[in-house]
Amino acid sequence: MARRGGGSTRWVGLLVTLSALSSAQPELHLEAQALQRVREEYGRQGPGLPQPDPVLTAAARALAREALRGGAGPAAQLGSIVQQVSAAGGHDPIPRAVVVRATPAPYALDTFTRRTDLASEPATHVGVGAILSGESAVVVALFSRRKASLEPFPRQVPTAGGEQRLCGELQSALRSAELYLTRPSGEVERISTAPPWGSRFCASLPFPTLGRHTVEVIGNGRQGPEVAALFFVEVGKTASRGADPQAVEPTSLEDARAALLARINFLRAAHGAPPLSADPRLNQVAQAHSERMRHERFFAHLDPSGNGLRQRLRAAGYGYTQAGENLGRARGPMAAHFAIELSPGHRQTLLDPRLTRLGVGIAGDGQQILLTEVLARPGAGRRGRSAPMGQPGGRPARHLDQGSRQERNPWEPRADAP
């Protein structure tokens, strides 16, 4: 957490600089006012002032341009946020984003300053970006609770076959760093690190193939392992630097289930967990929950009747000794799963070595899908305890926006599908 003294000095210097430039550059004026509002909210609620961060600022400006072109919704997707943070040289894995787009332009700042959730979560760093175009304006704020500091590392490597050295230090009481590389093929490789000393770590990262490689630094804390840093490295001149990490999405339920099973098993192999196998009965349980969330407009492990995974498995007659469930939502199943992997609770369920079977359910309308992943260890007629789920089980069902019209679900299973 940033100290109030040093953080306040940096805030004052930045706001003075932005104010001096704002008369010639109205976008900087928007940013200065939005930053001032963030500072006021954190000062009023007292969780500590986040430090203005140039990397998050650059990423916020890029997201503002993206929101101006394609709307606030796509720009606020986690895949887009992580991509822009990485492209700007950052590594924060799950920044919280506030994206406001409005016409006429003054409404954007007015809407931003009226928000009551700006300081809803602790943050160590913040970046604000704004863009004006004609009568429209976009304001984006990115908030991060930084968990690691890394030495500079290239995001573009011209040729395959070389190695790059990564060094850094874990923060937030995390220790025992583990490094993983996800290859363009989807395979996950654990990278050996130099003998650790405290929170420091170093490792040589090999890049043997062309394409996009994902670098993850995992730290271990009191709540178990969590992603402390994540960024992308493009290898080769043909790499698409600006592409969304989940740009290639399956177009059928069967393809999505196969792709998700392969991805989860790559991840489990790298962590020493046995592979999962597809379970048609769990597919049905998961699909029914995704469909119900879509039709009844909620997003939670507990349905509006108060029933959770245990009740759904019991109703299906599925005997198990361990079970867990992950939920995600995004514009496609791989993007939704990407967010699941970055959540400590969800990741714990994915990597639980006791779980052996997987069921996947997907429902959506072409704009957003609701993903349910049910993992279990079957037992002959037994009804065991559920494993921890990706979202706290006692949280009530969260209802989705009622304003959008129900569309046909393109993810309905075929009659002959498992």
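Definitions and cut-offs
- Residues numbered from 1 in each chain as written.
- Predicted model: local features only at pLDDT ≥ 70, side-chain atom pairs only at ≥ 80, totals over all residues.
- Heavy atoms only, no water.
- Helix = DSSP H or I, 4+ residues; strand = E, 2+ residues; numbered from the N terminus.
- Contact = heavy atoms within 4.5 Å.
- Areas by Shrake-Rupley, 256 points an atom, 1.4 Å probe, with all protein chains shown as cover.
- Disulfide = S-S within 2.5 Å.
- Pairing = 2+ DSSP bridges.
- Axes fitted to C-alpha atoms, helices over the stretch in contact; angles between N-to-C directions.
- pLDDT = per-residue confidence, 0-100.
- Salt bridge = Lys/Arg side-chain N within 4 Å of Asp/Glu carboxyl O.
- Buried < 20%, exposed > 50% of the residue type's maximum accessible area, 1.4 Å probe, protein only.
- Expected span 1.5 Å × (residues − 1).
- Polar contact = N/O pair within 3.5 Å; in protein donor to acceptor, adjacent residues only side chain to side chain.
- Core = buried A, V, L, I, M, F, W, Y, C linked by side-chain atoms within 4.5 Å.

Asker: When you look at the overall build of the protein in this model, what are you seeing that I'm missing?
Answerer: Within the protein, the regular secondary structure consists of 11 helices and 16 strands. Taking the contacts inside the protein whose residues are at least 6 apart along the sequence as the reference set, 73% of them involve residues at least 24 apart. Carbon and sulfur atoms make up 51% of the accessible area of the protein, which amounts to about 18,400 Å² in all.

Asker: Please explain the state of the cysteines as it appears in this structure.
Answerer: Each disulfide consists of a covalent bond between the sulfur atoms of two cysteine residues. On inspection of all chains with the given rule, the structure shows one disulfide. The disulfide partner of cysteine 167 is cysteine 202, and the gap between their sulfur atoms is 1.9 Å. Judged by the sign of its S-S torsion, about 115°, the cystine formed by cysteine 167 and cysteine 202 is right-handed. Of the two residues, cysteine 167 is situated in strand 7 (residues 162-170) and cysteine 202 in strand 10 (residues 200-207); the sequence distance between them amounts to 35 residues.

Asker: Explain the environment of leucine 210 here, please?
Answerer: Following the sequence through the fold, leucine 210 ends up in the loop between strand 10 and strand 11 (211-221). Spatially, the C-alpha atoms of leucine 210 and glycine 161 are 8.9 Å apart, while their sequence positions differ by 49 residues. Not counting chain neighbours up to four residues away, the residues in contact with leucine 210 comprise Ala160, Pro184, Val235 and Gly236.

Asker: What is the right way to read the sheet that holds strand 16 (residues 369-378) from this model?
Answerer: Strands in a sheet are paired, the pairing made by backbone hydrogen bonds, and the direction either parallel or antiparallel. Strand order in the open sheet formed by four strands is 13-15-16-14, and the pairing between neighbours is mixed. What marks the edges here is a single partner per strand, and that holds for strand 13 (277-278) and strand 14 (320-330). In the sheet, strand 13 pairs with strand 15 (residues 357-364) via two bridges, with the strands oriented parallel. Each bridged residue has a counterpart across the sheet, and for serine 277 the counterpart in strand 15 is arginine 357. Sheet strands in contact with helix 7 (residues 253-270) are strand 13, strand 15 and strand 16, and its direction is about 135° off that of strand 15. On the sheet, helix 8 (residues 280-296) packs against strand 13, strand 14, strand 15 and strand 16 and is oriented at approximately 25° with respect to strand 15.

Asker: Please clarify how the confidence of the model for the protein should be interpreted in this entry.
Answerer: With 82% of its residues at a pLDDT of 70 or more, the protein shows a mean pLDDT of 84. Taking the mean pLDDT of every element in the protein, the minimum, 47, falls on helix 1 (residues 4-22) and the maximum, 97, on strand 13. For the stretch residues 1-6, pLDDT sits under 50, and the model shows 12 contacts to residues farther than four places along the chain or on other chains. Note that pLDDT drops below 50 for residues 12-23; the model gives that stretch 14 contacts with residues more than four away or on any other chain.

Asker: When you look at the pattern of salt bridges in this model, what are you seeing that I'm missing?
Answerer: Opposite charge on two side chains permits pairing when their charged atoms draw close. Counted by the stated rule, this structure contains 20 salt bridges. Residue glutamate 216 pairs with arginine 347 through a salt bridge whose shortest N-O separation is 3.3 Å. With glutamate 216 in strand 11 and arginine 347 in helix 11 (residues 344-351), this residue pair connects regions lying 131 residues apart in the sequence. Note that arginine 292 and aspartate 303 form a salt bridge whose closest N and O atoms lie 2.9 Å from each other. Highlighted residues: arginine 292 in helix 8 and aspartate 303 in the loop between helix 8 and helix 9 (309-315), separated in sequence by 11 residues. The class of arginine 292 is partly exposed, set by a relative accessible area of 25%. Via salt bridges that share partners, Arg37, Glu40, Glu41 and Arg44 belong to a single interconnected network.

Asker: Explanation requested: helix 3 (residues 54-70) in the structure shown.
Answerer: The periodicity of an α-helix, 3.6 residues per turn, causes residues three or four places apart in sequence to face the same way. Taking 1.5 Å per residue as the helical rise, helix 3 with its 17 residues ought to reach 24 Å, and the 24 Å between its terminal C-alpha atoms agrees with that figure. Listed as buried for helix 3 are Leu56, Thr57, Ala59, Ala60, Ala62, Leu63, Ala64, Glu66, Ala67 and Leu68. Among the structural elements, helix 4 (72-75), helix 5 (78-87), strand 2 (96-102), strand 3 (125-133) and strand 4 (136-144) are those in contact with the buried residues of helix 3. With a side-chain oxygen lying 3.2 Å from the backbone nitrogen of valine 55, the N-terminal cap of helix 3 falls on aspartate 53. Directly after helix 3, the chain includes glycine 71, whose backbone phi takes a positive value near 105°.

Asker: Explain the nonpolar core to me, please; I cannot follow it from the model alone.
Answerer: Note on soluble globular proteins: their nonpolar side chains tend to be buried together. Among the nonpolar cores identified, the biggest contains 32 residues, and Val82, Leu230, Phe338, Leu342, Leu358, Ile362 and Leu371 are the most heavily contacted of them. Sorting the residues of this core by element identifies helix 5, strand 12 (224-235), helix 7, helix 10 (333-342), helix 11, strand 15 and strand 16 as the ones contributing at least two each. For this core, the element with the most residues is helix 7, which contributes seven residues. Setting aside residues up to four positions removed in sequence, leucine 371 forms contacts with Leu260, Ser290, Asn326, Leu327, Gly328, Pro333, Ala336, His337, Ile340, Val360, Gly361 and Ile362. Val38, Leu118, Val128 and Ala137 belong to the second-largest nonpolar core, a separate cluster that totals 23 residues.

Asker: When you look at the environment of valine 215 in this model, what are you seeing that I'm missing?
Answerer: Considering the arrangement of structural elements, one finds valine 215 in strand 11. In this structure valine 215 comes out as buried when scored by relative accessible area, which is 1%. In this structure the C-alpha to C-alpha distance between valine 215 and glutamate 189, which are 26 residues apart in sequence, comes to 9.9 Å. Once you skip the residues sitting within four places of it in the chain, valine 215 turns out to touch Leu166, Tyr180, Leu181, Leu205, Ala229, Leu230, Phe231 and Val233.

Asker: Looking at this structure, I do not really get the environment of glutamate 249. What am I missing?
Answerer: Relative to the helices and strands, glutamate 249 is located in the loop between strand 12 and helix 7. Given the relative accessible area of 17%, glutamate 249 is considered buried. For the pair glutamate 249 and arginine 331, spaced 82 residues apart in sequence, the C-alpha to C-alpha distance is 9.2 Å. Discounting residues that sit within four places of it in the chain, glutamate 249 has contacts with Arg331, Gly332, Pro333, Met334 and Ala335. A polar contact of 2.9 Å, which involves the side chain of glutamate 249, links it to the backbone nitrogen of methionine 334. A polar side-chain atom of glutamate 249 sits 3.0 Å from the main-chain amide nitrogen of alanine 335.

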